[in-house]
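Structural features, examined
Residues per chain, in single letters:
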Amino acid sequence: MSAIQLDYGEFDARFLGVNVRFHAAHPSTWTLFDEIGTEKRDPQKVFEAGRAALKESPERAFEVFSVGTVLTHEVRHFHDFILSPYGNALFRLRLTILLNGFQALLPLLGGRKTIPVPLPAWLAKGDAEKARLAEQWAGLMGGQTVEPFDLSDDEARLIDQTRDTYSRIKDFLFNPRTVSGSVSFQPYHLWEASAFITQVQNVYSVFGTEAVEAFTNFILNHPAAQPYSIVFRLLYELWQEAGVAFDAEVGSAVAAWCLLGDFVNDGWAACPTVRFARLYELLRKEGPPPRGDVGELFRAWTERLSYSPVETAIERNNASTQRFIDHLEQNAGNYPDFMAHHVSHLLWALKSLARANAHASRLFLSNPKGYVNPYDYVQNYEAWPSAPAVATFVGGGILIPKQRMEALQEQGIIIHNGKTYGEDQVIVFKVLFPKNVGGVHLIDAELALGLSDLLTMSDFFFSEYYRADDEFDLVRVSLREAGLTALEILT
Amino acid sequence: MQLHDQIQVKIIGSPEVVEEIRSDWAARPDQAQVVSSGPERDINSYRYGLTEIATIVGIIEGVAALGELGKKLYDYLKGGGDDARTIIVQTPLGRWEFVARDDLTEAEVQEILRKLAGVTP
């Protein structure tokens, strides 16, 4: 069995930044990242590590190239998220859930020892089912009685609203019309294509031509890497059929155009997968376009496929965020007192998003080539909004000596989640890097991380999707430390 | 040791392992009952490196049946020579992501399952 990690990052829509992930089973990957993945690295040593890895094995080469370029991949996700109306809409919906849900949740938490989760699922159960679950849970709790759990009409209404909002999020994330048998083509495939094309450029810049071949071959041939390769493979075939070399700038332009739909005007036709399906059909018929003015290319695709212009989508998105800000500023006093801190945190988040979006939109609209040409983008990294960065250690955290932890802290790294283990070791679950990755500082990292914790808690209590989220482990632990056991409804 | 009669368990994994567990439970109705099973379309499934996943929810009767499940999970993780093999187990008290590359012993798998089931020494 090979012993490498297959995924090194994850875009987490709860965090306005980037998240690199390391598995507890592979502590050496974190050490490797520290040597070759961060901005403090020595380029010559990184290049040499790549040469040595190529000689060792395809798996080792993939690990080194991935770890060395993971930040570029994740930062591209971050920029796509803050630039696209799609990403912004998802973020606003999450904040709406927090705003509604916490008004019901916070009064419920005081003095309780148990709470069923997710709450909307509990609300949907009939009395007989609730009694059956309470009996089963009492068994799990060693015979301890599970307290009755009743809600006022207002609390129930607020929790119902979270259910509706999650359903809207699901509509954004999952398109049932692009599923056929066991094959499912979804918006995240376009996100991955955008980040993958950018990362390939970075692999080339950092490790050279041979590395690009090894990296793309590994991704294209590994069954578990399909999310990263599906769109790339389809685009690659377009150029192959036309008998010309794949053009990364035009391929990346396809991914970017698909992510920049106008949901206000075009409705669900703005879904990235629908835009891709239509554009792909056009490009198959006419062949991939030659490299040219990217703005013109966007305008041509928009007109041919009868969509709203990208410029309008960006403008409308900005107006939607501003409306949310206005609502909170005008109504802050109407929320219960216990919500005051959360309302101001939400206002900070919306204003940060609006600032980052305005900056990225200005840059993008003035020079779209600078965003879609992977070389230009990677070279001008510093011009785009910088991303707060965290590292998450999944699968039980990473065990490090206290001395190493102190050394990390001296570098400015903040241990966000961790606990002492024995006398001289610490289990670390999440760390925050001392400075944002990339250029223009518009988002405060600690506030972003604080908000991410709140949104994780919001998901834990209200989301009926993706209940196997590993971030929930930390919520469960912190609730237990506060004397509250969350009881998961499994059906 | 404290033990309760019924433990509700949800398992998320490849269609093959879920089907194996379903057949196993169906053959031993005194030890486990299938509540539901089928394909899972969770959009986040790709995070586990699974291209197609399924889930099964069942009620396990007692610690012996829990031990049987632990053995089955261990055998699955060890078989096939694929270090990316992943199974997620959820109970009302928590979840655990078992990955073959973590190279857990059978005793470790059993210990994690017992913790998830609230079985305390």
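Data block above holds the structure.
First, a word on what this report is: a plain description of the structure on this page. (Residues numbered from 1 in each chain as written. Chains lettered and ligands numbered in written order. Predicted model: local features only at pLDDT ≥ 70, side-chain atom pairs only at ≥ 80, totals over all residues.)

**Structural notes on the overall build of chain A**
Convention followed: Where helices and strands are cited, they refer to DSSP runs of H or I of at least four residues and of E of at least two residues respectively, numbered from the N terminus. Restricting the calculation to C-alpha atoms gives the radius of gyration, and the globule rule supplies 2.2 Å times the number of residues raised to the power 0.38. Burial is judged by counting other C-beta atoms within 10 Å of a residue's own C-beta: 20 or more means buried, 12 or fewer means exposed, and anything between counts as partly exposed, with every C-beta placed from the backbone. In this description, any two residues whose backbone-derived C-beta atoms lie within 7 Å of each other are considered to be in contact.
The helix and strand inventory of chain A stands at 21 helices and 9 strands. Relative to a compact globule of 491 residues, whose C-alpha radius of gyration would be 23 Å, chain A shows 24 Å and is just as compact. Dimensions of chain A, computed from the C-alpha atoms along their principal axes, are close to 70 × 55 × 45 Å. Looking at the 491 residues of chain A, the share that counts as buried comes to 43%. Sequence separation of at least 24 residues holds for 76% of the intrachain contacts in chain A that already meet a minimum separation of 6.

**A word on the overall build of chain B**
From N to C terminus, chain B includes 3 helices and 5 strands. Moving toward the C terminus, one meets the helices and strands of chain B in the order β-α-β-β-α-β-β-α. A total of 121 residues make up chain B; the buried ones form 42% of that total. Within chain B, counting contacts between residues at least 6 apart in sequence, those at least 24 apart form 64% of the total.

**Digging into the sheet that holds strand 4 (residues 86-91) of chain B**
By way of backbone hydrogen bonds, the strands of a sheet pair with one another, either parallel or antiparallel. Residues and elements named next belong to chain B. Heads up, the condition is: For two strands to count as paired, DSSP must find a minimum of two bridges between them. Angles run from 0 to 180 degrees between N-to-C directions of axes, and those axes are lines fitted to C-alpha atoms, restricted for helices to the stretch in contact.
With respect to topology, 5 strands assemble into an open sheet ordered 2-3-1-4-5, the strand pairing being antiparallel. Taken across any chain shown, the strands that pair with only one partner, and hence form the sheet edges, are strand 2 (32-40) and strand 5 (94-99). Ignoring strand direction, the axes of neighbouring strands in this sheet form an average angle of 15°. Where strand 1 (residues 6-13) lies against strand 3 (residues 53-61), 8 bridges are found, and the strand directions are antiparallel. Bridged to Gln8 within strand 3 is Ile59. Its contacts with the sheet place helix 2 (residues 62-78) against strand 1, strand 2, strand 3, strand 4 and strand 5, and it is angled at close to 155° to strand 3.

**Observations concerning the packing of helix 15 (residues 310-331) of chain A against helix 16 (residues 340-366) of chain A**
Residues and elements named next belong to chain A. Spelled out, the test is: Just so you know how the angles are binned, under 35 degrees is roughly parallel, over 145 roughly antiparallel, 65 to 115 roughly perpendicular, and the rest oblique. Should the near helix be turned anticlockwise from the far one by less than a right angle, the crossing is termed left-handed; should it be turned clockwise, right-handed. Charged means Asp, Glu, Lys or Arg here, nonpolar means Ala, Val, Leu, Ile, Met, Phe, Trp, Tyr, Cys or Pro, and polar covers whatever is left, Gly included.
At a minimum axis distance of 10 Å, the contact between helix 15 and helix 16 shows a crossing angle of 160°. By the criterion of interaxial angle, the relationship of helix 15 to helix 16 is roughly antiparallel. Where helix 15 crosses over helix 16, the two elements pack in a sense that is left-handed. Every residue of helix 16 that contacts helix 15 at Glu311, Ile314, Asn318, Thr321, Gln322, Phe324, Ile325, Leu328 and Glu329 is listed here: Val343, Leu346, Leu347, Leu350, Lys351, Leu353, Ala354, Asn357, Ala358, Ser361 and Leu365. Grouping the amino acids of the contact of helix 15 with helix 16 by side-chain chemistry returns 12 nonpolar, 5 polar and 3 charged.

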